[in-house]
Amino acid sequence: MRALADWSRSGIRPLLILGLALLAAWPFLIESAYQMRLFTIVGIYALLSLGYQFIFGHSGALSLTQGTFFGVGAYASGILSVRYGLGGEFTLVLSMLLPLVLATVIAVPVLRLESHYFALATLGIGQVVLLVAVTWQDLTGGSNGLAGITALRLFGFEFVKGHGIMAATWACVAVGAFLSWRITRGLYGAALQVCRENPIAAVSIGIDTAALRFAMFLLSAVFAGLAGALYAHTIRVVSPEALEFPIMVACLTITVVGGRTHVAGAILGAILVVNLPEWFRGMGRYYLIAYGLALLGMIIAAPYGIIGLLAQWRSRLLPQAPSALRLASVAASGRPASPAAAGPLLQVRGIHKAFGGVKALTDVSLSVGRGEILGLIGPNGSGKTTLLNIVTGIYRPDEGSVMLEREYIQGRASFEIARKGVGRTFQNINLVDDMSVLDNVAVARHAFEGTGLAQSLGAGWTDPAWRRARSHALHLLEAVGAAGVAHNPAGGLPYGLKRKVEIARALALEPALLLLDEPAAGLNAEEQLDLAQRLQAFAREGLSILVIEHNMPFLMPLAQRIVCLDQGEQIAEGAPSEIRTNRAVIEAYLGIPDERLVDAKGT
Ligand code: ADP
Ligand code: MG
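From a predicted model like this one, the values you see are computed outputs, not experimental measurements.

S.K.: How should the overall build of the protein be read in this particular structure?
M.R.: Secondary structure summary: the protein contains 27 helices and 14 strands in total. In terms of overall dimensions, the protein has a C-alpha envelope of 90 × 60 × 50 Å along the principal axes. By the burial criterion, 52% of the 603 residues in the protein qualify as buried. Look at the contacts in the protein between residues 6 or more apart in sequence, and 76% of them connect residues 24 or more apart. A total of about 26,800 Å² of accessible surface is found on the protein, and carbon and sulfur atoms cover 62% of it. Here the protein carries 46 positive and 41 negative side-chain charges, and the mean point of each set is 7 Å from the other.

S.K.: Would you take a moment to explain the nonpolar core for this structure?
M.R.: Across soluble globular proteins, nonpolar side chains show a tendency to be buried alongside one another. In terms of nonpolar packing, the biggest core is built from 153 residues, with Y45, L47, F217, L477 and I545 touching the most fellow members. Each of domain 1 (2-317) and domain 2 (346-601) accounts for three or more of the residues forming this core. The residues touching I545, leaving out its near neighbours within four places in the chain, are V368, E372, I373, L374, L514, L516, L535, F538 and A539.

S.K.: Is there a simple way to think about the confidence of the model for the protein in this case?
M.R.: One rule of thumb: low pLDDT means the predicted coordinates there are not for detailed reading. Looking at the protein as a whole, its pLDDT mean stands at 87, while 91% of the residues score no less than 70. Long-range and interchain partners of residues 1-10, a stretch whose pLDDT sits below 50, account for six contacts in this model, where long-range means more than four residues apart.

S.K.: How should the environment of V93 be read in this particular structure?
M.R.: Inspection of the secondary structure puts V93 in helix α5 (residues 88-110). Put simply, V93 and G141 are 48 residues apart on the chain and 22 Å apart in space, counted from C-alpha to C-alpha.

S.K.: When you look at the site of ligand 1 in this model, what are you seeing that I'm missing?
M.R.: Looking at ligand 1, the residues that line it are F355, V358, A360, P379, N380, G381, S382, G383, K384, T385, T386 and Y395. Within the side chain of Y395, one N or O atom sits 2.9 Å away from a nitrogen atom of ligand 1. Relative to its unbound accessible surface of 560 Å², ligand 1 loses 63% to contact with the protein. Residue contributions to the shell around ligand 1 peak at three residues, all from helix α16 (residues 384-391). Taken together, the residues that form the shell around ligand 1 break down as five nonpolar, six polar and one charged.

S.K.: Explain the domain arrangement of the protein here, please?
M.R.: Size of an interface, as often reported, equals the accessible area lost when the parts are brought together. Here the protein is described as being made up of domain 1 (2-317) and domain 2 (346-601). Measuring from the centre of the C-alpha atoms in domain 1 to the corresponding centre in domain 2 gives 42 Å. Listed by partner, the interface residues are 26 residues for domain 1 and 35 residues for domain 2. Together domain 1 and domain 2 conceal approximately 2,600 Å² of surface at their shared face, both sides included; 69% is due to carbon and sulfur atoms. Inspection of the domain 1/domain 2 interface yields zero salt bridges. Across the domain 1-domain 2 interface, the total number found is three residue pairs in polar contact (both at pLDDT 80 or more). For the side of domain 1 that touches domain 2, the secondary structure elements donating two or more residues are α8 (163-184), α9 (186-197), α10 (199-204) and α11 (209-235). Of the residues forming the side of domain 1 that touches domain 2, the biggest block, eight residues, is contributed by α9. Class assignment of the residues belonging to the side of domain 1 that touches domain 2 gives a composition of 16 nonpolar, six polar and four charged.

Parameters and conventions
- Throughout, residues of each chain are indexed from 1 in the direction in which the sequence is written.
- Numbering of ligands from 1 and lettering of chains from A proceed in the order in which they are written.
- With pLDDT at 70 or above as the cut-off, local features in this predicted model cover only qualifying residues; side-chain atom pairs require 80 or more to be listed or tallied, and sums for whole chains, interfaces and linings still use all residues.
- With hydrogens and water excluded, all non-hydrogen atoms of the structure serve as input to the side-chain values.
- Under the DSSP-based scheme used, a helix requires at least four consecutive residues in state H or I and a strand at least two consecutive residues in state E, with every element numbered from the N terminus.
- Note on classification: 1.4 Å probe, protein chains only; a residue is buried when its accessible area is under 20% of the maximum for its type, exposed when over 50%, partly exposed between these limits.
- Contacts are assigned to residue pairs that have any heavy atoms within 4.5 Å of one another.
- Only the protein chains shown count as covering a residue, and every accessible area follows the Shrake-Rupley method with a 1.4 Å probe.
- Charge counting follows a simple rule: Lys and Arg are positive, Asp and Glu are negative, and His as well as the terminal groups are ignored.
- Note that the charge is assigned to NZ on lysines, CZ on arginines, CG on aspartates and CD on glutamates.
- The set of buried Ala, Val, Leu, Ile, Met, Phe, Trp, Tyr and Cys residues whose side-chain atoms join them within 4.5 Å is what this entry labels a nonpolar core.
- The start and end points of each domain follow an automatic or database-based domain assignment.
- Each residue carries a pLDDT value, the predictor's own confidence for that position, ranging from 0 to 100.
- Nearness is judged by heavy atoms alone; a residue qualifies as near a molecule or strand once a single heavy atom is within 4 Å of it.
- The term polar contact refers here to a pair of N or O atoms within 3.5 Å; inside protein, the definition further demands a hydrogen-donor-capable atom paired with an acceptor-capable atom, and it admits residues adjacent in sequence only when both atoms are side-chain atoms.
- Residue type decides the class: Asp, Glu, Lys and Arg count as charged, Ala, Val, Leu, Ile, Met, Phe, Trp, Tyr, Cys and Pro as nonpolar, and the leftover types, Gly among them, as polar.
- By definition, the buried area sums, over both parts, the 1.4 Å-probe accessible area that each loses when the two are put together.
- Salt bridges are defined as contacts in which a side-chain nitrogen from Lys or Arg sits within 4 Å of a carboxyl oxygen from Asp or Glu.

Given below as structure tokens:
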């Protein structure tokens, strides 16, 4: 019974089993060679789309080169088998290798582009490759293509027309589906999700978003190349058609209709998109209209694809039981400050930053000691958040230096700075709304667990790194007082709780320095007191904290020192008692009467 419960929790669902059974029965119902070829084509498209899910679904980048990688794979196999008589050991491998090389070369200039420019650039690359294929007649056969491609032979075994190539194709689909499932679940999969949904949050927890995207792009190319090779051995001719846009459109349609992140979506989508024209053929010349309407209807009814829709229903009808997490014993916070190290943990010197004509920061210097809580105050627009963004590497300062543990970090990538032990929260919350609170925090263990593609592939049925990360996360949620909502989606939480979840996520980095941007906003007086006490406890354990706050009754008793900014300039620095009576500070807070600042003394 217990085993059964574990089984169902691990993701195997009755619908999936039914689908697999139907798929397994399909070949036995095939009556003609034509149907067999159609079923083979379904497998080829499923493989193509499984690959496309990596870049389009899991990375959220609208790549339009998937059809090109497919064509390159098809040509590679075609040319090698027709011109050189090579077997599948070479044709399949080179069909995967060439798109991989092409993807690596184009990734450098293209992958960093913003979404629509990325789409356009990838489209352009496709046109160039097509042109090469048409003009390089000696090699590719030009616009006529190459005929006479042999059957797929692997180590002397021939996959004959019909059954043979169909079995080979679906074996590749099975392996591809398994790899895709392994790669995109667990901690690595969660990191992918954060990259896609909230890249700013991703870099703030040490995730190298560019590296993940690059890996996904390469994977998509390899899958497409293999699909192309199988296509060449199935159709037995290769022509510029293999590189033309309709293949890309079919791939995009399959992924959108089936589901962009579920393995089953690629297979179901391929079945539908390949067969719909057949099923509608009886309608004569109206079939294109019916086909178009059916596709449109599906996209409107199920924007995340059919499998996405099913997954949504399932989570609504059968809310996942919070799995019993074993609590690892973890410290609430803190890389212990190295006692031998002297001097402040963070030292910011002479920072200047302008946005066009707006001088956001002018010659700002401050430091945060080990275990110290430093307050940063100033009217709206005085540059507080900008300073925090400079420390975390989101902005590069025009002038000045940022030193952490006596190492210059200005100009370093955000994710690197996070990995060095700088955790932060955001003034405008940056959580992934569709993810549970627990997973939002757990994913911040990504850098710590050192999860890469290889570990993700090697992990067993359940990803142990993910299990450890989640149990660690539950501890941290307890430490900030948000464990009660661990299994809720983060999007539905009240503002104050979201802030606490962000603090827990930052703590998952085991930071030496915690940067909080207005953490008390949205909390009532009681919650503010609770938060202040928790922060003080973290600081006693050695965590250094920089708090941006407007709320003086919250900050005055909390901070050991306070720095005040006004219009980007540092106008005061000192103990709370000095700041409270500082004329310049009082004047900078026009509209805040003296009494309110003084009042904070008593509260
Ligand atoms: P605070 O957090 O103290 O309210 P900010 O640091 O957010 O202030 O902003 C300081 C100034 O810099 C403001 O005038 C703001 O409009 C400007 N600013 C901040 N970020 C940007 C940006 N990315 N582009 C242009 N101007 C910006
Ligand atoms: Mg701000």
